[in-house]
Amino acid sequence: MRISYNWLKEHLPLGISAEELAERLPLLGFSVAAMEHQGPGFSGVIVGKVLSVDKHPNADRLSLCVVDDGTQKHPVVCGAKNVAVGQTVPLARVGAILPGGFQLTKSKIRGVESHGMICSVRELGLGEEADGIWAMDTALPVGSDLAKSLGQTDCVLDVEITPNRPDCLSHLGLARELSAFLHIPLKTSPQKKLPEGTIPCLDVQVQDPKACPRYVGRSFEGLRIAASPGWLAAKLEAVGLRPIHNLVDITNFLLMDLGQPMHAFDADKLEGGLVVRFARPGEKIIALDDKQYTLTERCLVIADQKKPVAIAGVMGGRDTAVTQMTKRAFLESATFDPTVVRRTSQALRLKSDSSYRFERGTDPGAAQAASQIATELIQRLCATPDLKISGTIDRDSVPAPKPIDVTSSRLNAILGTSFSEAIVESTLKPISAQLEKSGPAWRFTPPSYRRDLATPWDLAEELARLTGYDQIPYRETPIVLKSSSDLPSQTLADKVRGRLVSLGFSEAYNLDFISDKLAAQARLSCGLVRVKNPISEDYANMRPTLLTGLLQNARLNLNNGAQTLRLFELGKTYVPRAKEVAETTRAAGLLLGPAASHWKSSRGQRLDFYDAKGAVEELLAGVAGIGFLPLSGAEPMGADPLFHPVGALRLRLPSGILGTVGLLHPTVARAWEMEREEVCIFELDLDLLAGLHAPAPRFAPFSVFPGSTRDISFLVDTATPYDSLAATIRQPSDTQLKGIDLVDKFTGKGVPQGKQSLTIRLSFGRDDRTLQDAEVTAAVETILAKLSRKHGAVLRT
Amino acid sequence: MSAADLSELGKKLDALESGLDTAQLDLNALEAFRVQSLGRKGEVTELLKSLKELSLEDRRAVGPRVQALKTKFEDSIARRRAELETAADAASLQNIDLDLSLPASAPPRGRLHPLTQTLQEISRILSLMGFSWAEGPLVETERHNFEALNIPEHHAARDLQDTFYLQDIPLLLRTHTSPVQIRTMESQQPPLRVICPGRVFRHEAVDATHSAVFHQIEGLAVDKGISFADLKGTLETFLKKVFGPRTKTRFLPSYYPFTEPSADVYASCIFCSGSGCPICKQSGWIEIMGAGMVHPNVFKAVGYDPELWSGFAFGMGVERIAILRLGVPDMRLFFSNDLRFLKQFDENLV
């Protein structure tokens, strides 16, 4: 909300500068987003000297003056009584622009030419004072530009008003708040008694008083719609509103002054009396923004006997709006239910300054006050000689505010303070409609504009705010001692992170969204959780796998010249399941590029499937019962389409499928322009792991006797899987065999087509003694015989 | 033993002794010579073994000589070995082929994401202060994300949190970690103290200071007799642990639908210690988090009696703290996953 410092001072004799004000407002809970110093809202006005004052030949109340602007003398007709020879005055010469955009031209007033205008403070938009012209400080040099000499005349603060404080969305509201905080009484102007109505008021019926608790209205005849005077235009411009014409400007002025949205109808365009009702489905209205809206039965409208004429609390209708031609008007000042207005505004996707205030809650008390002040202003600014005003209609069903009963000790208990009864009273009194002692408790009746005050907690906040949060002491919580605990899922996540980092992986954070395009690139075409209101195409779906994010990251880093990539991410994945979402915590990794970038290392060695498999095995070291299965033929899973169907393994636990590790599918690799890389990926279900519990490791004794190793090299079909060879070597179990390691795998020169040469290192040992050479030799012979029998292995010599 | 035998033995000893010359042998030859003479079947060894067959008298006569010969062999071999090793060491000290200035061979080492590091540090501190871990789903119900937190449907307070909704599924992406508070209170009885760290979503345009995805850590304490003063004391302790013992705190009124009274919590600027700098916009204070006393409507929503229990809640943005601690100029960098960014942040060893 834009708050004009000058305007605020009209309600409250602040006594502090705009800068100080900006520093104090946050103490009350209102941050100041920006401060803007403003110069006067006019130009072309210069400092002049009145050389002579003569009576106007054709008008008693006008004078004919000659004003010197330092270089030229101007004949000016003036209507002010206080004009006198020798005065220094603001002279708006021909061409000057006054607040509201009004440009001065040569004019004839009662037959006499006037080449300018001597201005009042009010006409220049510098203040409220309207009694005659501004006789200025004589120190200003004649002929100087007044706007320049004055410099900054106002300061506009952009104050952030939280949704709970709609009462502060106005200058009066904020002044009230500051009055209670700074202990400065508000300026009050005596309520003028309006004359009795001389014409009947348009009838208004409210069908649903809950939707419209108060509706105040008044009819006018004999209006003159014209530009607003300078002071009014300047005020609106200061807070960022465009002056339109006097009647609309008056309503906008009250919106900003009291926070009461109002609407003026052209009474000649209304057909019969008004009714506040919910729209009939399909009813249409063209609003002031020239757009047509199709209403639903949840939209509240103001309708005449034929049609909706305004969207209640949101925007008036174009066809019944006040125009320059309007002679008769009906002025609405109502209170609408916040929920109803918000629903209407959301249904129509239409917002306005009015709906903003109504959906936060306006002051039903202000509805009548605003109508009253508006009427006074209309009398002053929009009147033809035959202005006629009706009495007021007031459909009021606002419930009386509920008082809050609370003791000072309850308030102190919430805050941890020890405020005395006297402080509680003096602090809460200024913001109450009524504060009285009822037994040991205070009975606080909130004013009509404080709909947010309903509980002792609300009053505790007021007490803290108005005395300052700094008054509350610092204390450490006297909570019942209870040890804190962690969550298995969280400790697991941290351990997984730690292990992957120690394996050389860097952690990525990707967004949980995936575009249709990326999903298609990753061959993930069906079964995605879709976002109803994505910000952009990139936010169309929730990710079913973490891998697309890592692929994006790999692409980016390769573009940036990275060679070796080891990336991982922990995060949620989402898959639709009936009317719900299956949300799973996963860990995914990606690796590619040279195995080592060191000058020492052999060239051409690149990270491959076995590095990915090794990383996964290391990560899962200690988890019992993990099995590897070929991906092909396994039960399908969400991220499968990203994996090479043959070049990947499924990881399985007794309790379910843990994940997949393998090569990237060539089609996916091509989509990310990585077909020339050997991209290895894995993804694991951490929720499944979190459910497991492995016993803490226990010491296992090892033999004190030296062991023996033997390398065996043999030829075997390339199609023979290594794990079947290893199984053969192990079976039947030989307790002397301590280890099997593949040391070399070779095909090519010297090895027949279709065969591979494998060298396997066998380790033997016993816990009770050193093995004899002959025993080891015999064991190796047995193993070779098994390999030969089962796999046709031929020993290489 | 006959005289002839004795003389035979004496010749053998003489021959062995005269053959003892290790001066020209290299290490391999020396070892071969050692095996040949002193090994298990070496000549000197055999000779020593043969002494057992002699009479006591004979043994007394020749034994010392044979022993002396053995010692002589041992000494000679040891001396030569020492000579050779000294020479070899001297050579290897001279002829080293090593450019010490060549770059090191770095083992691959990964990094935790700076947000993980920040999140872990904050939660470590709060754990030490007695807060337990809690977590909840990222896809949430309207009830947990809004209604139970005193944010009714069609209320202007919802404007504070623009929300992602799902298609055809009546769920949303949580806009804050506060629904975890609700889930915790629904499943546990007070007293309790929990922290809920995690990812949240806001439907807003992305720029240097806004992201549609970001992270929060939220804390909640419920017990009898907890007051705003306890909130202030706890958060002061926390902020001193995060930003250093000289950190000052400041509480200003604010509005959150689920707390009353509500506050925004500021720490004295860690860059200028409060004297004013561009980072704190010359105010000396940096906004760190939102906080307040749990709103009675929230307690009612989870079946706690607000007249019996009271509590406070606080929440902070992890990115914001990370930005302050690490000097990251643009929030989007956290989600760029550019290794040139990720590799910069390491947990300090000291």
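Computed from a predicted structure; not experimentally measured.

1. Here's the deal with the overall build of chain A
- Helix and strand content of chain A: 20 helices and 39 strands.
- A globule of 797 residues ought to have a C-alpha radius of gyration of about 28 Å, yet chain A, at 42 Å, is considerably larger.
- Counting only C-alpha atoms, chain A reaches 140 × 70 × 60 Å along its principal axes.
- Out of the 797 residues in chain A, the part that is buried amounts to 40%.
- Partitioning the contacts of chain A with sequence separation of at least 6, the portion at a separation of at least 24 is 69%.

2. Describing the overall build of chain B
- When its secondary structure is counted, chain B shows eleven helices and nine strands.
- Against the 2.2 N^0.38 benchmark of 20 Å for 350 residues, chain B shows a C-alpha radius of gyration of 41 Å, more extended than a compact globule.
- Taking all 350 residues of chain B together, the buried fraction comes to 40%.
- A separation of at least 24 residues holds for 67% of the contacts in chain B among residues at least 6 apart in sequence.

3. A short note on helix H13 (residues 488–502) of chain A
- For H13(A), spanning 15 residues, the distance from its first C-alpha to its last is 21 Å, which sits close to the expected 21 Å at 1.5 Å a residue.
- Inspection of H13(A) places A:Ala493, A:Val496, A:Arg497, A:Leu500 and A:Val501 among the buried residues, and these make up the whole buried set. Here the buried residues of H13(A) occupy an arc of 130° about the axis, which is enough to place them on one side. Exposed and facing more than 90 degrees away from the buried side of H13(A) are A:Thr491, A:Lys495 and A:Gly498.
- Residues of H13(A) that are buried in the fold lie against strand E26 (506–507), strand E30 (565–577), strand E31 (580–592), helix H16 (609–619) and helix H18 (686–690) of chain A together with helix H5 (114–128) of chain B.
- At the C-terminal side of H13(A), A:Gly504 shows a positive phi close to 95°.

4. Remarks on the environment of A:Ser352
- By the secondary structure assignment, A:Ser352 is in the loop between helix H7 (338–348) and helix H8 (353–358).
- Taking the C-alpha atoms as reference points, A:Ser352 and A:Ser655, 303 residues apart in sequence, are found 58 Å from one another.

5. Brief notes about the interface of chain B and chain A
- Across the contact, 69 residues belong to chain B and 78 residues belong to chain A.
- Counting only elements with at least two residues in the side of chain B that touches chain A, the list comes to H5, strand E1 (132–133), strand E5 (213–223), helix H8 (228–243), strand E6 (249–254), strand E7 (259–268) and helix H11 (339–342) of chain B.
- When residues in the side of chain B that touches chain A are grouped by element, the largest group, eight residues, is from H8(B).
- Across the side of chain B that touches chain A, the residue classes tally to 36 nonpolar, 20 polar and 13 charged.

6. Some remarks on unusual backbone geometry
Residues and elements named next belong to chain B.
- Backbone torsion omega between Pro190 and Pro191 reads 0°, so that peptide bond is classified as cis.
- With respect to the helices and strands, Pro191 occurs in the loop between helix H7 (178–187) and strand E4 (192–201).
- A cis geometry characterises the amide bond from Glu260 onward to Pro261, with omega recorded as -5°.
- For Pro261, the location among the structural elements is in strand E7.
- Even without being glycine, His154 reaches a positive phi, approximately 55°.
- Within the secondary structure layout, His154 lies in the loop between helix H6 (142–145) and strand E3 (172–173).
- For His154, a count of 16 C-beta atoms within 10 Å translates into the label partly exposed.

7. With respect to the pairing of strand E6 (residues 88–98) of chain A
Residues and elements named next belong to chain A.
- Bridge count for strand E3 (residues 43–55) against E6 is six bridges, and the pairing is antiparallel. The partner of Val47 across the bridge, within E6, is Pro90.
- Note that E6 and strand E10 (residues 116–118) share three bridges and pair antiparallel. The partner of Arg93 across the bridge, within E10, is Gly116.
- Two elements, E6 and strand E7 (residues 102–103), share two bridges in a ladder whose sense is antiparallel. Residue pairing in the sheet places Ile97 in a bridge with Gln103 of E7.
- Taken together, E6 and the strand that follows it, E7, pair antiparallel across an intervening segment of three residues, in which Gly100 is found at a positive phi of about 95°.

8. Examining the sheet that holds strand E24 (residues 434–438) of chain A
Residue and element names in this part refer to chain A.
- Ordered in space as E23-E25-E24, the three strands form an open sheet in which the pairing is antiparallel. The sheet terminates laterally at strand E23 (404–406) and E24, the two strands that pair on one side only. Adjacent strand axes in the sheet meet at a mean angle of 25°, parallel and antiparallel pairs treated alike.
- Taken together, the five bridges between E24 and strand E25 (residues 441–445) define a ladder with antiparallel strand orientation. Bridging across to E25, Lys437 finds its partner in Trp442.

9. Structural notes on H8(B)
- Taking 1.5 Å per residue as the helical rise, H8(B) with its 16 residues ought to reach 22 Å, and the 22 Å between its terminal C-alpha atoms agrees with that figure.
- Backbone geometry just downstream of H8(B) places B:Gly244 in the positive-phi region, at approximately 110°.

10. Some remarks on the domain arrangement of chain B
- In terms of domain boundaries, chain B breaks down into domain 1 (3–94) and domain 2 (114–342).
- The straight-line distance from the C-alpha centre of domain 1 of chain B to that of domain 2 of chain B is 86 Å.

11. Things to note about the sheet that holds strand E8 (residues 285–294) of chain B
Residue and element names in this part refer to chain B.
- Read across the open sheet, the seven strands follow the order E1-E4-E5-E9-E8-E7-E6; overall the sheet is mixed. Each edge of the open sheet carries a strand with a single partner, namely E1 and E6.
- With five bridges connecting them, E8 and strand E9 (residues 310–317) associate as antiparallel partners. When the sheet's bridge partners are listed, Ala291 is paired in E9 with Phe314.
- Where H7 meets the sheet, its contacts fall on E4, E5 and E9, and the angle it forms with E5 comes to roughly 35°.

12. A few points about the packing of helix H6 (residues 246–257) of chain A against helix H9 (residues 364–381) of chain A
All names here are of chain A.
- Orientation of H6 relative to H9, taken along the N-to-C sense of each, is 145°, at an axis distance of 10 Å. Where H6 crosses over H9, the handedness of that crossing is right-handed. Contacts from Asn246, Leu247, Ile250, Thr251 and Leu254 in H6 reach Ala370, Ile373, Ala374, Leu377, Ile378 and Leu381 in H9.
- For the contact of H6 with H9, the class distribution of residues is nine nonpolar, two polar and no charged.

13. Thoughts on the pairing of strand E13 (residues 214–223) of chain A
Residues and elements named next belong to chain A.
- Extensive coverage of E13 is indicated by the burial of eight of its ten residues.
- The pairing of E13 with strand E21 (residues 329–335) spans seven bridges and is antiparallel. Within the sheet, the bridge partner assigned to Arg214 lies in E21 and is Thr335.
- Inspection of the sheet shows E13 paired to strand E22 (residues 383–396) by eight bridges, in the antiparallel sense.

14. Re the confidence of the model for chain B
- Confidence in the prediction of chain B, expressed as mean pLDDT, is 90, and 100% of residues score 70 or more.
- Taken together, the chains of this predicted complex give a pTM of 0.85 and an interface ipTM of 0.86.

15. Things to note about the packing of helix H2 (residues 27–38) of chain B against helix H4 (residues 56–94) of chain B
Residues and elements named next belong to chain B.
- Running from amino to carboxyl end, H2 crosses H4 at an angle of 165°, the nearest separation of the two axes being 10 Å. Classified by the interaxial angle, the pair formed by H2 and H4 is roughly antiparallel. Taken as a pair, H2 and H4 cross one another with a handedness that is left-handed. Packed against H2, whose contacting residues are Leu27, Leu30, Phe33, Arg34, Ser37 and Leu38, the element H4 presents Phe73, Glu74, Ile77, Arg80, Arg81 and Leu84 at the interface.
- Here the contact of H2 with H4 is built from residues that sort into seven nonpolar, one polar and four charged.

Thresholds applied
Residues numbered from 1 in each chain as written. Chains lettered and ligands numbered in written order. Predicted model: local features only at pLDDT ≥ 70, side-chain atom pairs only at ≥ 80, totals over all residues. Helix = DSSP H or I, 4+ residues; strand = E, 2+ residues; numbered from the N terminus. Rg over C-alpha atoms; globule rule 2.2 N^0.38 Å. Buried ≥ 20, exposed ≤ 12 C-beta atoms within 10 Å, placed from the backbone. Contact = placed C-beta atoms within 7 Å. Expected span 1.5 Å × (residues − 1). Arc of directions from axis to C-beta. Nonpolar A, V, L, I, M, F, W, Y, C, P; charged D, E, K, R; others polar. Pairing = 2+ DSSP bridges. Axes fitted to C-alpha atoms, helices over the stretch in contact; angles between N-to-C directions. Domains from an automatic or database assignment. Left-handed = near helix turned anticlockwise from the far one by under 90°. pLDDT = per-residue confidence, 0-100. Parallel < 35°, antiparallel > 145°, perpendicular 65-115°, else oblique.

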